[in-house]
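# Fold and contact review
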Amino acid sequence: MGLYSMRYIKALLANLLVLIVFGLGVSAQAHDLDTRAFIDIATRTTVLEIKTAKLALLKSDNADIKAYAQSMLSEQQAVLSSLQNLAQVTRVAVANNASFDEKQLNAGGVAPWLEGEKFNQAYSKRRLQERKKLIQLIRKGMESSDANVRSYARSALPVSLRQLYLAQQLPADKS
């Protein structure tokens, strides 16, 4: 069926519906996220995603996880570049987030000492959680008073929704 399977389209529509319903509740209480905070949180999230994708490529023994990690690695490197451009346009200095240590990776939900199926399950579960949190951040960005942040968030939403869909397809702990 062309570029996207019917399963993908149905999942995307279901995710959009959840976001719309959830968003109505959140927007009533959402505070304007300032530009600096948005860029900082998004950059930290992106760098962490890059680090965990690299870790998954090294540690996972699952072809689906490796494929997801490779996709995330290339996409998140592009996202990081866009965030750096946004920071430059908005004249926000972004801290160097390149030096995530093991403690921060653990906070990202991927314990480097895990092996095999335990690693795969931890990675899958946390990626899904992180994708959902990122979409919440993007929705807040869409309500920002900064037009550059709103524009960035609008363009980032489709990519993030697709990544959420892919994270939902990862093997997860069935227990």
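Residues numbered from 1 in each chain as written. Predicted model: local features only at pLDDT ≥ 70, side-chain atom pairs only at ≥ 80, totals over all residues. Heavy atoms only, no water.

### Here we look at the packing of helix α3 (residues 63-90) against helix α6 (residues 147-168)
For any two helices packed against each other, one specifies the crossing angle of their axes together with the interaxial distance. For the record, the criterion: Where helices are involved, their axes are fitted lines through C-alpha atoms of the stretch in contact, as for all axes, and angles between N-to-C directions lie from 0 to 180°. In this text, helices come from DSSP runs of H or I with a minimum length of four residues, and strands from runs of E with a minimum of two, each type numbered from the N-terminal end. Each angle receives one of four descriptions, namely roughly parallel if under 35 degrees, roughly antiparallel if over 145, roughly perpendicular if within 65 to 115, and oblique otherwise. Contacts were defined at the residue level, with two residues in contact if any of their heavy atoms lie within 4.5 Å. In this classification, Asp, Glu, Lys and Arg are treated as charged, Ala, Val, Leu, Ile, Met, Phe, Trp, Tyr, Cys and Pro as nonpolar, and every other residue, Gly included, as polar.
Contact geometry for α3 and α6: axes closest at 12 Å, N-to-C directions at 170 degrees. Regarding the angle of α3 to α6, the classification is roughly antiparallel. Residues Y68, S71, M72, E75, Q76, V79, S82, L83, L86, V89 and T90 of α3 touch α6, and the partners they reach there are N148, V149, Y152, V159, R162, Q163, L166 and A167. A per-class count over the contact of α3 with α6 returns eleven nonpolar, six polar and two charged.

### Side note on the packing of α3 against helix α5 (residues 116-142)
Cut-off, in case you're wondering: Put simply, a crossing is left-handed when the front helix is turned counterclockwise from the back one by less than a right angle, and right-handed when it is turned clockwise.
Packing of α3 against α5 brings their axes to within 11 Å, and their N-to-C directions diverge by 40 degrees. Of the possible angle classes, the one that applies to α3 and α5 is oblique. The two elements α3 and α5 cross, and the hand of that crossing is left-handed. In this structure, α3 contributes I65, Y68, A69, M72 and Q76 to the contact, and α5 contributes N120, Y123, S124, R127 and R131. By residue class, the composition of the contact of α3 with α5 is five nonpolar, three polar and two charged.

### With respect to the packing of aromatic side chains
Inclusion rule: The aromatic pairing rule takes the rings of Phe, Tyr and Trp, using the six-membered ring of Trp, and pairs them if the centres are within 6.5 Å, calling planes under 30 degrees apart stacked, those over 60 edge-to-face and the rest tilted. Burial status follows relative accessibility: with a 1.4 Å probe on protein chains alone, a residue under 20% of its type maximum counts as buried, one over 50% as exposed, and anything between as partly exposed.
Enumeration according to the criterion identifies three aromatic pairs in this entry. For the pair Y68 and Y123, a centre-to-centre distance of 6.2 Å together with 75 degrees between the ring planes defines the contact as edge-to-face. With Y68 in helix α3 and Y123 in helix α5, the pair connects residues that are 55 residues apart, well separated along the chain. Residue Y68 shares its accessibility class with Y123, and that shared class is buried. A ring pair is formed by F119 and Y123, whose centres lie 6.0 Å apart and whose planes are at 15 degrees; its orientation type is stacked. Placement of both F119 and Y123 in helix α5 is noted, with a separation of four residues, approximately one turn of the helix. Considered together, F119 and Y123 belong to a single accessibility category, that of buried residues. Taken together, Y68, F119 and Y123 form an aromatic cluster joined through their ring pairs.

Structural measurements only, silent on function.
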